[in-house]
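The primary structure of each chain is shown beneath.
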Amino acid sequence: MIHSRTLWIGGTVAVAALAVAVLVTKGQTVRTTRERSAAGVVGDSSAIDPDAIAALENMGKYLRTLKTIDVHAVVTHDEVQTDGQLVQKTSNVDVLAKRPDRLRAEVTDDRQPRTFYYDGKKFTLWAPLLKFYTTIDAPSTIGDLADKLEDRYNVDLPLVDLFRWGTKEGDTKDITSAIDLGPSSVDGVTCEQYLFRQEGVDWQLWIQLGDFPLPKKIVITTLTDEARPQHMSVWTWNLAPSFNDAAFEFTAPSDAKVIPFSADLADRLSAKAKGAAK
Amino acid sequence: MRYPIRILSLVLLTGAFVAAVLIEPALAQRRGGGGRGMRGGGMSRGGARPSVSRGGGGGGFRPSGGGGFGGGSRPAQRPSQLPAGGGNMNRPGNITGGGNITGGGNINRGGTVINNRPVNVGDINGGGGWNNGYYGGCCYRPLAGAAVVGAAAVTGAAIAAASIGSVTYALPADCVVMVVDLVTYNQCGSTWYQPSFEGSTTTYTVVNPPQ
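Rules of the game
Residues numbered from 1 in each chain as written. Chains lettered and ligands numbered in written order. Predicted model: local features only at pLDDT ≥ 70, side-chain atom pairs only at ≥ 80, totals over all residues. Heavy atoms only, no water. Helix = DSSP H or I, 4+ residues; strand = E, 2+ residues; numbered from the N terminus. Buried < 20%, exposed > 50% of the residue type's maximum accessible area, 1.4 Å probe, protein only. Contact = heavy atoms within 4.5 Å. Areas by Shrake-Rupley, 256 points an atom, 1.4 Å probe, with all protein chains shown as cover. Disulfide = S-S within 2.5 Å. Pairing = 2+ DSSP bridges. Expected span 1.5 Å × (residues − 1). Polar contact = N/O pair within 3.5 Å; in protein donor to acceptor, adjacent residues only side chain to side chain. Phe/Tyr/Trp six-rings, centres within 6.5 Å; stacked < 30°, edge-to-face > 60°. Lys NZ or Arg CZ within 6 Å of the ring centre and 35° of its normal. Core = buried A, V, L, I, M, F, W, Y, C linked by side-chain atoms within 4.5 Å. pLDDT = per-residue confidence, 0-100.

**A short note on the overall build of chain B**
Tallying secondary structure elements over chain B gives four helices and 10 strands in all. Here chain B, with 211 residues, has 54% of them falling under the buried criterion. Within chain B, contacts between residues separated by at least 24 positions form 56% of all contacts whose residues are at least 6 apart in sequence. Split by element, the accessible area of chain B, about 9000 Å² in all, is 60% carbon and sulfur.

So, in structure tokens, the structure goes:
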């Protein structure tokens, strides 16, 4: 008993000392993250470690240098039922892209597979089980396409962060807390693990160490729902892809049927209703 | 001896009422927004955000008022928080059981039912999808030149409640895909639906039969 009590007191003193150290360093450059994380103290939610921000920006800059992207992702995604229960969906995502205006994303999933095609002029969403597809005129860049899909059609382009990091839309000013948690391997690749917080989400990112600072894994925890659903994506990169532009073009199978996006259908139906009312 | 009969009819009536209530969220959710707190369990009230860039954007918690039928287009900037009142985005799989009810021997193919609560599971179709493979299949047969879409079986009450403009994630059983004047419909008896993509999920809007 005495022994454990001594330990407890010792621990308290250590934590207090660390707290003082954190207070002292706050406002200055915080470079003691590694030591603090080693001591298990990572909960200072207001601290921004500039090294963690720099690592994120460096990764974004590196991603911008890639003319082509060929990445495989294993994605697990929580949906929240109305009663708060979580349902986890797993899918495999293959993204092939050529900057600035070609992209194909294939979401393989037993229950709701989709393929996204963008050939620089048209965007097609294809549902192979339903044999339904929709094609719209597309903006001239992947970034603008992602914005349009989100804003008008509620569509999340798979792995969209890969196309926004290192751009204005992927800047780091929204981050309110950034911590370097130290080395951590993903699929045998040594990475550095970071912990970020911004409004509504906590997220962890694993960035490959060495000359190719690629993102290897992300875990996003949504804070705006008390069920705290998570989205996790683990990436495998191919830095020398071989493909041709046909990969980005959709050719409808003969039994495929065209359907619209809901927003366009709603516009069409309300226009029709107005016409009928006149 | 009269009591058991009365109890039985009470049970039946209650069952029918519950079935009718259960289906309502599916029909109502695109119009009224929020799934949160809505009875009938099993519908998705949102999901984890899939991305962090663009202000943590993307994903599960857009308000569902915009973009729906009559809802106009979505604002360019998503609000950074859930609106008060919990208007939130439902992003279920393609067909859910809004009601998982089997009617007249129809099979519930519309969702995985856990403790009688339907869970959104994804595309339900006769296109040779998972339901065929996993459950022995049923749903893809030529009929008058069109494919029969097997879907979540719902009650007659639900079908009767489907008014023009209402949106559902679930179709009754025994619908056919019809293309009229280049427009794709799901015809389910006398009710015609127009399928569309809400996000990457399909939804079905009740429309007037094509002329």
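**Examining the state of the cysteines**
Residue and element names in this part refer to chain B. Considering all chains together, one arrives at one disulfide over all chains under this definition. Here Cys175 connects covalently by a disulfide to Cys188, the sulfurs 2.1 Å from one another. What sets the handedness of the Cys175 and Cys188 disulfide is the S-S torsion sign, and at about 110 degrees it is right-handed. Placement of the pair is Cys175 in strand E7 (residues 175-180) and Cys188 in strand E8 (residues 183-188), with a sequence separation of 13 residues. Pair check on accessibility: Cys175 and Cys188 agree, each one buried.

**Concerning the pairing of strand E1 (residues 68-81) of chain A**
Residues and elements named next belong to chain A. Here E1 lies mainly inside the structure; 10 of its 14 residues are buried. Note that E1 and strand E2 (residues 86-98) share 13 bridges and pair antiparallel. Opposite Asp78, over in E2, you have Gln88 as the bridge partner. Where E1 hands over to E2, the hairpin turn is made up of four residues, of which Gly84 adopts a positive phi near 95 degrees.

**A look at helix H3 (residues 50-65) of chain A**
Residues and elements named next belong to chain A. The first and last C-alpha atoms of H3 sit 23 Å apart over 16 residues, in line with the 22 Å expected at 1.5 Å per residue. Every buried residue of H3 is accounted for by Ala52, Ile53, Ala55, Leu56, Met59, Gly60, Tyr62 and Leu63. Contact partners of the buried residues in H3: helix H5 (161-164), strand E7 (175-186), strand E8 (189-198), strand E9 (201-208), strand E10 (215-222) and strand E11 (230-237). Here H3 starts with a cap whose side-chain oxygen sits 2.8 Å from the backbone nitrogen of Asp51, and that cap is Asp49.

**Notes on the packing of aromatic side chains**
Each pair of aromatic rings is reported with the distance of its centres and the angle of its planes. Residues and elements named next belong to chain A. Counted according to the given criterion, the structure contains 14 aromatic pairs over all chains. Measuring from centroid to centroid gives 4.9 Å for Tyr133 and Phe250, while their planes differ by 50 degrees, and the two rings are tilted. In this pair, Tyr133 is assigned in strand E6 (residues 132-137) and Phe250 in the loop between E11 and strand E12 (257-258), connecting sequence segments 117 residues apart. Residue classification places Phe250 among the buried positions, given a relative accessible area of 18%. An aromatic cluster of at least three residues, connected via ring pairs, comprises Trp165, Tyr194, Phe196, Trp203 and Trp235. Over the ring of Trp206 we find Lys217; its NZ or CZ atom is 4.4 Å from the centre of that ring.

**Some points on the nonpolar core**
The nonpolar side chains of a soluble globular protein tend to be buried, and buried together. All names here are of chain A. Counting 64 residues, the largest nonpolar core has Phe123, Trp165, Phe196, Trp203, Leu205 and Trp235 as the members making the most contacts within it. In terms of residue count, H3 provides more of this core than any other element does, seven residues in total. Apart from the residues within four sequence positions on either side, Trp235 is in contact with Val71, His72, Ala73, Leu159, Leu162, Trp165, Leu205, Pro215, Lys216, Lys217 and Ile218.

**Concerning helix H4 (residues 142-153) of chain A**
All names here are of chain A. With 12 residues, H4 should reach 16 Å at 1.5 Å per residue; the first-to-last C-alpha distance of 15 Å fits that figure. Buried within H4 are the following residues: Ile142, Leu145, Ala146, Asp147, Leu149, Glu150, Asp151 and Tyr153. Following H4 by one or two positions, Asn154 has its phi on the positive side, about 65 degrees.

**Some thoughts on the confidence of the model for chain B**
Residue and element names in this part refer to chain B. Chain-level pLDDT for chain B is 53 on average; 30% of the residues reach the 70-or-more range. Confidence drops under a pLDDT of 50 for residues 1-5, and excluding neighbours within four residues, the segment shows zero contacts in the predicted structure. Long-range and interchain partners of residues 125-160, a stretch whose pLDDT sits below 50, account for 97 contacts in this model, where long-range means more than four residues apart. Predicted as a complex, the structure gets a pTM of 0.68 and an ipTM equal to 0.81.

**Let's talk about unusual backbone geometry**
Residue and element names in this part refer to chain A. Residue Pro100 is reached from Arg99 by a cis peptide bond, and omega for that bond is 0 degrees. In this fold, Pro100 is placed in the loop between E2 and strand E3 (102-108). Positive phi, normally seen in glycine, also occurs at Asn154, with a value near 65 degrees. Residue placement: Asn154 occurs in the loop between H4 and H5. Backbone geometry at Asp187 places phi at a positive 50 degrees, although glycine is not the residue there. Residue position: Asp187 is located in the loop between E7 and E8.

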